[in-house]
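Inside the fold
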Amino acid sequence: MRALVFHQYGSVDVLQQVELDRPVVAPDAVLIRVVAAGVNPADSVFRRGDLKLIIRLKFPFIPGLDVAGVVAEVGANVTKFRPGDAVYAMLPNAIMGGYAEYVAVAETCVAPMPESLTFGEAAALPCAALTALQSLRDKLALRPGGHVLINGGSGGVGTFAVQIAKIMGATVTATCSDRNLDLVRSLGADAVIDYNSTDVTAGDARYDAVFDAVGVLPFDKIKRVLCPGGAMVTVNFNLANPLAMLRARFDRQQRKLKSILVQPVGADLDTLREWVEAGKLRPVIDKVYPLEDAPEAQRHSDTRRTRGKIVLAVDTDRVNEKRI
Ligand SMILES: NC(=O)c1ccc[n+]([C@@H]2O[C@H](COP(=O)([O-])OP(=O)(O)OC[C@H]3O[C@@H](n4cnc5c(N)ncnc54)[C@H](OP(=O)(O)O)[C@@H]3O)[C@@H](O)[C@H]2O)c1
């Protein structure tokens, strides 16, 4: 099978297209023929070796956390899927494997693909939308009527977070740069703030919850606008380091600091699919690149200016096809 891999850490130039054997399917896994794969900042984190002291990768390493495609084969214990099913999946965090024509993944990480989306659109969802869902629902326990600040409403995670917070009945204030104000408003945000001209931590507004979907805001700054008893979730573990967590535990107004590590949960992909099919949730696609242009796609992602998501077309003939 065709795959985009790296054999050593480095710049996008270490990415190479190679031929590899198809993965072997374990009893609880499905083999997916990949039509489209999502690109996430984590792909570059692994490629650069930012986590090499913590996570040892096996080379050649195939990046990619998100896939949409068709089931090619199922393991002996698999009950939910059959060959020919159109599915989407998030692959396990440190294993990845999406930039390839085939990937084998545990049945629990997979769900039927939304019928109203193309393979390319479906591949935009898993990691980013699950991060938003698990942060808002599980970490922040967002309630209808609550006021949430979403820092970074225009990126992969943020575009889903704005929509999911609205689905959950919250009042949403989101930040982005001025070129994306209309986009974030169109996703349902009640108020949008240009973070380049306005410091969100300095105004009079107060929030029940804060989701920093970019990972740049220190808890000490956010505390100024967080209601007593409120909570903040950051995608950046460095800002939820042991010292920051310890200081937060002694906060007199009981405001909490949390971090998120997204989990590849198929049942959560079912929730996302229901929202997509009900017309409540949609992916924003910035650009689709053919698989062989993965270096260019990662260079784009590394600018940190992506509007919504970047997708790789692994099967260019089918990327715009729907499940039905
Ligand atoms: N911990 C986890 O489980 C987990 C899971 C997924 C992602 N992440 C992390 O979450 C972060 C976001 O991921 P992503 O996929 O959304 O990335 P992304 O799509 O590359 O994010 C790009 C967006 O970030 C916005 N942005 C950049 N600097 C900003 C700032 N100072 N304030 C507000 N917005 C800013 C940009 O907005 P403008 O162009 O409008 O300025 C752009 O829309 C990454 O660091 C990623 O590694 C963590």
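A brief look at the structure comes next. (Residues numbered from 1 in each chain as written. Predicted model: local features only at pLDDT ≥ 70, side-chain atom pairs only at ≥ 80, totals over all residues. Heavy atoms only, no water.)

With that settled, consider the sheet that holds strand 8 (residues 147-151). Strand order in the open sheet formed by six strands is 10-9-8-11-12-13, and the pairing between neighbours is parallel. Only two strands of the sheet have a single partner each, and these edge strands are strand 10 (191-194) and strand 13 (256-259). On average, each strand axis in the sheet is inclined to that of its neighbour by 15°, with strand direction left out of account. Two strands pair when backbone bridges link them, and strand 11 (residues 207-212) and strand 12 (residues 226-234) are joined in this way by five bridges, in the parallel orientation. For D212, the partnering residue across the bridge sits in strand 12 and is T234. (Pairing = 2+ DSSP bridges. Helix = DSSP H or I, 4+ residues; strand = E, 2+ residues; numbered from the N terminus. Axes fitted to C-alpha atoms, helices over the stretch in contact; angles between N-to-C directions.)

As a further point, take empty space enclosed by the protein. On inspection of all chains with the given rule, the structure shows one cavity of 30 Å³ or more. Looking at the largest cavity, its volume works out to about 30 Å³. For the largest cavity, the full set of lining residues is Y9, V45, F46, G49, D50, L51, K52, I55 and L57. (1 Å grid on protein atoms, 1.4 Å probe; cavity = no way out; pocket = protein on both sides within 12 Å on 5 of 7 lines; lining within 4 Å. Points joined across faces, edges and corners; volume = space filled by probe spheres on them.)

As a structural note, the neighbourhood of the ligand is formed by 27 residues, with S154, S177, Y195, I260 and V262 the closest of them. Between an oxygen atom of the ligand and a main-chain N or O atom of V262, the distance comes to 2.8 Å. One of the backbone nitrogen or oxygen atoms of T306 is found 2.8 Å away from an oxygen atom of the ligand. About the coverage of the ligand: the protein hides 88% of its 940 Å² of free accessible area. When residues of the shell around the ligand are traced back to their parent elements, those giving at least two are helix 3 (126-139), helix 4 (156-167) and strand 9 (171-176). For the shell around the ligand, the residue count by class is 13 nonpolar, eleven polar and three charged. (Near = heavy atom within 4 Å. Polar contact = N/O pair within 3.5 Å; in protein donor to acceptor, adjacent residues only side chain to side chain. Areas by Shrake-Rupley, 256 points an atom, 1.4 Å probe, with all protein chains shown as cover. Nonpolar A, V, L, I, M, F, W, Y, C, P; charged D, E, K, R; others polar.)

Turning next to the layout of surface pockets. Quantified by volume, the second largest pocket comes out at close to 580 Å³. Contributing to the lining of the second largest pocket are 25 residues, with P23, I95, M96, V103 and A104 lying nearest its centre. Top contributing element to the lining of the second largest pocket by residue count: strand 6 (residues 102-106), with five residues. Broken down by class, the residue content of the lining of the second largest pocket amounts to 22 nonpolar, one polar and two charged.

Burial of strand 12 is extensive: seven of the nine residues sit out of reach of the surface. As paired strands, strand 12 and strand 13 are joined by four bridges and run parallel to one another. Across the sheet, the residue bridging to V233 is K258, located in strand 13. (Buried < 20%, exposed > 50% of the residue type's maximum accessible area, 1.4 Å probe, protein only.)

On the surface, a cluster of positive charge is made up of R179, R304, R305 and R307. Position of R179 among the secondary structure elements: in the loop between strand 9 and helix 5 (181-186). Classification of R179 as partly exposed rests on a relative accessible area of 43%. (Patch = residues over 30% accessible without salt bridge, like charges linked within 9 Å, V, L, I, M, F, W, Y side chains within 5 Å. Salt bridge = Lys/Arg side-chain N within 4 Å of Asp/Glu carboxyl O. Lys, Arg positive; Asp, Glu negative; His and termini not counted. Charge placed at Lys NZ, Arg CZ, Asp CG, Glu CD.)

Here we take up the nonpolar core. Among the nonpolar cores identified, the biggest contains 102 residues, and L136, I164 and L272 are the most heavily contacted of them. Sort the elements by how many residues they give to this core and strand 3 (residues 29-39) lands first, with nine residues. Those residues in contact with I164 that lie beyond four places of it in its chain are A129, A132, L133, L136, L272, W275 and L281. Of all hydrophobic cores here, the second largest spans 15 residues; its members include V200, F219, M232 and A240. (Core = buried A, V, L, I, M, F, W, Y, C linked by side-chain atoms within 4.5 Å. Contact = heavy atoms within 4.5 Å.)

Before going further, it helps to spend a moment on the packing of aromatic side chains. Applying the stated criterion across every chain, the model contains four aromatic pairs. Centroid distance Y9 to F59: 5.3 Å. Interplanar angle 75°. Geometry classified as edge-to-face. Of this pair, Y9 sits in the loop between strand 1 (2-6) and strand 2 (15-19) while F59 sits in the loop between helix 1 (41-48) and strand 4 (66-74), placing them 50 residues apart in sequence. Given a relative accessible area of 35%, F59 falls into the partly exposed group. Through pairs of rings, three or more aromatic residues link up here, namely F6, Y9, F46, F59 and F61. Sitting above the plane of the Y102 ring, R22 keeps its charged end 4.1 Å from the centroid. (Phe/Tyr/Trp six-rings, centres within 6.5 Å; stacked < 30°, edge-to-face > 60°. Lys NZ or Arg CZ within 6 Å of the ring centre and 35° of its normal.)

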